[in-house]
Amino acid sequence: MGRLGAARDAAGVHGGGEEAEVEAHRRAFGRGECVEHRGAVSGRRRQRLGGPGRARAVQWRAAALVWLGALFGGHGGAHLGRRAPARLVRGGTVALAYALTALFFLRAYG
């Protein structure tokens with residue numbers, strides 16, 4: 001039995017609804033400790049509240065900026081990629097892949 005199961009037993013939570021589940025989760029993991037479950041219940045709670053304080057599911061301004069960046073960046077990158085020597089493009093791609101792998105590894109385990 002994991003920490004969440006032990007906290008459920010200690011709190012007497014067995015099918016007590018969402019609030020009881022959240023309380024058992026907080027007792028088991030504390031605030032911000034459980035990366036896997038962070039914000040897992042808040043979506044249902046937001047739907048139920050439905051008020052002006054509710055977070056939007058999609059932030060359209062940010063999505064539009066990402067879309068524009070991908071559109072123009074992809075077009076420009078393709079143009080540059082065709083004109084650049086193939087060896088340079090391959091080497092740059094491999095170097096970027098190694099750098100990002102190292103970065104993500106360090107963030108996760110370092």
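Values in this document were obtained by computation on a predicted structure and should not be read as measured data. (Residues numbered from 1 in each chain as written. Predicted model: local features only at pLDDT ≥ 70, side-chain atom pairs only at ≥ 80, totals over all residues. Heavy atoms only, no water.)

**Topic: the overall build of the chain**
Helices and strands together make up the secondary structure of the chain, namely 5 helices and 0 strands. In the chain, the succession of α and β elements from N to C terminus is α-α-α-α-α. Here the chain holds 110 residues, and 12% of them are scored as buried. When contacts within the chain are restricted to residue pairs at least 6 apart in sequence, those whose partners lie at least 24 apart make up 30%. As displayed, the chain offers around 9300 Å² of accessible surface, 61% of which is attributable to carbon and sulfur atoms. (Helix = DSSP H or I, 4+ residues; strand = E, 2+ residues; numbered from the N terminus. Buried < 20%, exposed > 50% of the residue type's maximum accessible area, 1.4 Å probe, protein only. Contact = heavy atoms within 4.5 Å. Areas by Shrake-Rupley, 256 points an atom, 1.4 Å probe, with all protein chains shown as cover.)

**Topic: helix H5 (residues 86-109)**
Along its 24 residues, H5 runs 34 Å from first to last C-alpha, staying within 8% of the 34 Å computed at 1.5 Å per residue. Among the 24 residues of H5, 0 are classified as buried, and the element is accordingly described as predominantly exposed. (Expected span 1.5 Å × (residues − 1).)

**Describing a nonpolar patch on the surface**
Nonpolar side chains collect at one region of the surface, where Leu65, Trp67, Leu68, Leu71 and Phe72 lie side by side and expose about 580 Å² of accessible area between them. For Trp67, a relative accessible area of 55% gives the class exposed. (Patch = residues over 30% accessible without salt bridge, like charges linked within 9 Å, V, L, I, M, F, W, Y side chains within 5 Å. Salt bridge = Lys/Arg side-chain N within 4 Å of Asp/Glu carboxyl O.)

**A short note on the confidence of the model for the chain**
Mean pLDDT over the chain stands at 76; residues scoring 70 or higher make up 53%. Predicted confidence in the chain is weakest over helix H3 (residues 42-49), with a mean pLDDT of 55, and strongest over H5, with 96. (pLDDT = per-residue confidence, 0-100.)

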